[in-house]
Amino acid sequence: MSSFEAKGRTSSVSRKTNETDISLKFNVDGTGVSELETDVPFLNHMLDLFTKHGQFDLSVKANGDIEIDDHHTVEDIGICLGQVLREALGDKKGIKRYASVFVPMDEALAQVVIDISNRPHFEYRVQYPSQQVGSFDTELVHEFLWKLALEARMTLHVIVHYGHNTHHMIEAVFKALGRALDEATSIDPRVTGVPSTKGVL
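Because the structure is a prediction, the values reported are computed rather than measured.

Thresholds applied
Residues numbered from 1 in each chain as written. Predicted model: local features only at pLDDT ≥ 70, side-chain atom pairs only at ≥ 80, totals over all residues. Heavy atoms only, no water. Helix = DSSP H or I, 4+ residues; strand = E, 2+ residues; numbered from the N terminus. Core = buried A, V, L, I, M, F, W, Y, C linked by side-chain atoms within 4.5 Å. Buried < 20%, exposed > 50% of the residue type's maximum accessible area, 1.4 Å probe, protein only. Contact = heavy atoms within 4.5 Å. Pairing = 2+ DSSP bridges. Axes fitted to C-alpha atoms, helices over the stretch in contact; angles between N-to-C directions. Left-handed = near helix turned anticlockwise from the far one by under 90°. Nonpolar A, V, L, I, M, F, W, Y, C, P; charged D, E, K, R; others polar.

### Quick word on unusual backbone geometry
Here is step 1: Positive phi outside glycine occurs at K92, with the angle close to 65°.
Here is step 2: Tracing the sequence through the fold places K92 in the loop between α2 (71–89) and β5 (98–105).
Here is step 3: At R97, a residue that is not glycine, the phi angle is positive and equals roughly 80°.

Shown next, in the form of structure tokens:
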């Protein structure tokens, strides 16, 4: 039985192409529950961290052409997550909009800065010591985050200030992403409408 709670700001999407078949549900106002079934174990691990540290609820079922590589699956999950995030936030009334979060993971230190701006932009300042963690290509972290930012229409800056264990560095990024997104999407009772002089986000 699914433990996904469809309460609060929620959205879902199904995306099927010749390369992937994905069903994804997301609840901004969740409790940190994840139900992850993908063909990419390392991504499952990172999404679980993202969900727990952001206090979201996330359900993902994804099958992809991993016999080629993990690229299409990782990219398309990023696309789907960005789409449901944007839809779940609706008109964005009352949100804090901005967040900047540092997260250490042992020797590694990551920083994620977010502006839910309706202007997609991505900056990525990371140099990993190795190109793979197990069978996972580290370049796919960039692909996932860029598609997330693009589809959610948010400004996303990701910086890993230092670290020497690639797994730790990526883990710190996903934990910081969850915590920053939680803060930026949280409701501030002092905000009337949206936090922008334009009157719209």
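### Focus: the nonpolar core
Here is step 1: Counting 64 residues, the largest nonpolar core has L24, F26, I114, F144, L145 and L156 as its most contacted members.
Here is step 2: Broken down by element, this core gets its largest block of residues, 10 residues, from helix α4 (residues 166–185).
Here is step 3: Leaving out residues up to four positions away in the same chain, F144 has contacts with L43, L47, V74, I77, G78, L81 and F174.

### Focus: the sheet that holds strand β6 (residues 108–115)
Here is step 1: The mixed open sheet is built from four strands, whose spatial order is β5-β6-β10-β7. Strand pairing shows two members of the sheet lacking a second neighbour, β5 and β7 (121–125), which therefore form its edges. Across the sheet, the axes of successive neighbouring strands diverge by a mean angle of 10°, strand direction being ignored.
Here is step 2: Sheet analysis places β7 next to strand β10 (residues 155–162), joined by five bridges and oriented parallel. By the bridge assignment for β10, Y124 is matched with V158.
Here is step 3: Across the sheet, helix α3 (residues 139–152) is in contact with β7 and β10; its angle to β7 comes to roughly 155°.
Here is step 4: Sheet contacts for α4: β5, β6 and β10; angle to β5, the most-contacted strand, approximately 150°.

### So, the packing of helix α1 (residues 41–54) against α4
Here is step 1: Where α1 contacts α4, the two axes come as close as 7 Å, and the packing angle between them is 35°. Seen from above, α1 lies across α4 with right-handed handedness. Listed contacts from α4 to F42, H45, M46, L49, F50, H53 and G54 of α1 are H167, I170, E171, F174, K175, L177, G178, R179, L181 and D182.
Here is step 2: Looking at the contact of α1 with α4 residue by residue, the class counts come to eight nonpolar, five polar and four charged.

### Considering the sheet that holds strand β2 (residues 20–27)
Here is step 1: Sheet architecture is open: four strands sit in the order β1-β2-β4-β3, paired in mixed fashion. Both outer strands of the open sheet, β1 (10–16) and β3 (33–37), are each paired with one neighbouring strand and no more. Averaged over all pairs of adjacent strands, the angle between their axes in this sheet comes to 5°, without regard to strand direction.
Here is step 2: Note that β2 and strand β4 (residues 57–64) share eight bridges and pair antiparallel. Within β4, the residue paired with N27 across the bridge is D57.
Here is step 3: Those strands touched by α1 are β2, β3 and β4, and its axis lies near 165° from that of β3.
Here is step 4: Together, β1, β2 and β4 form the strand contacts of α2, whose direction differs from that of β2 by roughly 35°.

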